[in-house]
Amino acid sequence: MGKEIESPQEQSSYTVEQLVAVNPFNPEILPDLENHVNEQVTSQTYSLEANLCLLRLYQFEPERMNTHIVAQILVKALMAMPTPDFSLCLFLIPERVQMEEQFKALIVLSHYLETARFQQFWDEAAKNRHIFEAVPGFEQAIQAYASHLLSLSYQKVPRSVLAEAVNMDGASLEKFIEQQVTNSGWIVEKEDGSIVLPQNEFNHPELKKNTGENVPLEHIARIFPILG
């Protein structure tokens, strides 16, 4: 026999993680999972498993779907790049919902991030600011992702390329660079202000060769068609 469905009083004593683990297909936990999404937004935390559980419950209870909550889940998934979380979540969202304007915009933005088209991403994000402005840490998460991709593609990145990727200029860009110098080992060239990035097996292929393996450069080219 399957597990008995706990009463609301019994459920209230569980954490969201426990509710998902004990009975992920119980529709009675749907409000708890929705509240948990709001908590993730306000506390700048993230729980992919809980969010996937909620999206699966919406599949069984389509009349209870809250599209605002779904949009928040997708925004948090974008913030988790380069993980495949956005695609995992999108797979559980009905096509009719994906055709709504806010979701079409999020799908376009995901594509821009996946292909490192940062200028297009920031331009599109500016047009849909209402989707992100209530999600703290969104810009910082995307800037961290952009920096990560640059570190895989460049040994030395021009300041103009960095500025476009992180959507910063002036004093805010200088502060960002200073933080990366302190925390990530970036070095600023005195001659032209370009940024020397820490060595890794992708921006210094010889490091990979020293391990006896070859770096699939054609794969890197597919991932970063715009950079280089």
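Refer to the structure above for everything that follows.
Residue indices follow the written sequence of each chain, beginning from 1 at its first position. Local features in a predicted model are, by the rule used here, given only for residues with pLDDT of at least 70; side-chain atom pairs are given and counted only at 80 or more, and totals for whole chains, interfaces and linings are based on all residues. Computation of side-chain values covers all heavy atoms of the structure but excludes hydrogens and water.

## Observations concerning the nonpolar core
Short version of the rule: Grouping buried Ala, Val, Leu, Ile, Met, Phe, Trp, Tyr and Cys residues that are joined through side-chain atoms within 4.5 Å yields what is termed a nonpolar core. A simple rule labels every residue: compare its accessible area, found with a 1.4 Å probe on the protein chains alone, to the largest value its type can have, and call it buried under 20%, exposed over 50%, or partly exposed in between. Contact criterion: two residues are considered in contact whenever any of their non-hydrogen atoms come within 4.5 Å of each other.
If you look at the biggest cluster of nonpolar residues, it comprises 67 residues, and the most contacted ones within it are Leu33, Leu106, Phe118, Phe121 and Leu162. When near neighbours in sequence (up to four residues on either side) are disregarded, Leu106 contacts Ala71, Leu74, Val75, Leu78, Phe86, Ile131 and Phe132.

## Describing helix α8 (residues 101-114)
The α-helix advances 3.6 residues per turn, and as a result positions three or four apart in sequence lie on the same side. Selection rule: Elements are defined by DSSP. Helices are runs of H or I of four residues or more, strands are runs of E of two residues or more, and each kind is numbered from the N terminus. One less than the number of residues in a helix, times 1.5 Å, gives the span that helix is expected to have.
In a regular helix each residue adds 1.5 Å, so 14 residues correspond to 20 Å; α8 covers 20 Å between its end C-alpha atoms and thus fits that length. Lining the buried residues of α8 we find α5 (67-79), α6 (85-90), α7 (95-98), α9 (118-127), α10 (129-132) and α11 (138-153). Just past α8, the residue Ala116 takes up positive phi, approximately 60 degrees.

## With respect to the pattern of salt bridges
Think of it this way: side chains of opposite charge can pair up when their charged atoms draw near. Here is the rule we go by: Here, a salt bridge means any side-chain nitrogen of Lys or Arg that lies within 4 Å of a carboxyl oxygen of Asp or Glu.
Throughout the structure, instances matching the rule amount to four salt bridges. Across the salt bridge formed by Lys156 and Glu189, the nearest N and O atoms sit 3.6 Å from each other. Placement of the pair is Lys156 in strand β1 (residues 156-157) and Glu189 in the loop between β2 (187-188) and β3 (195-196), with a sequence separation of 33 residues. On the accessibility criterion, Lys156 (40% relative accessible area) is partly exposed.

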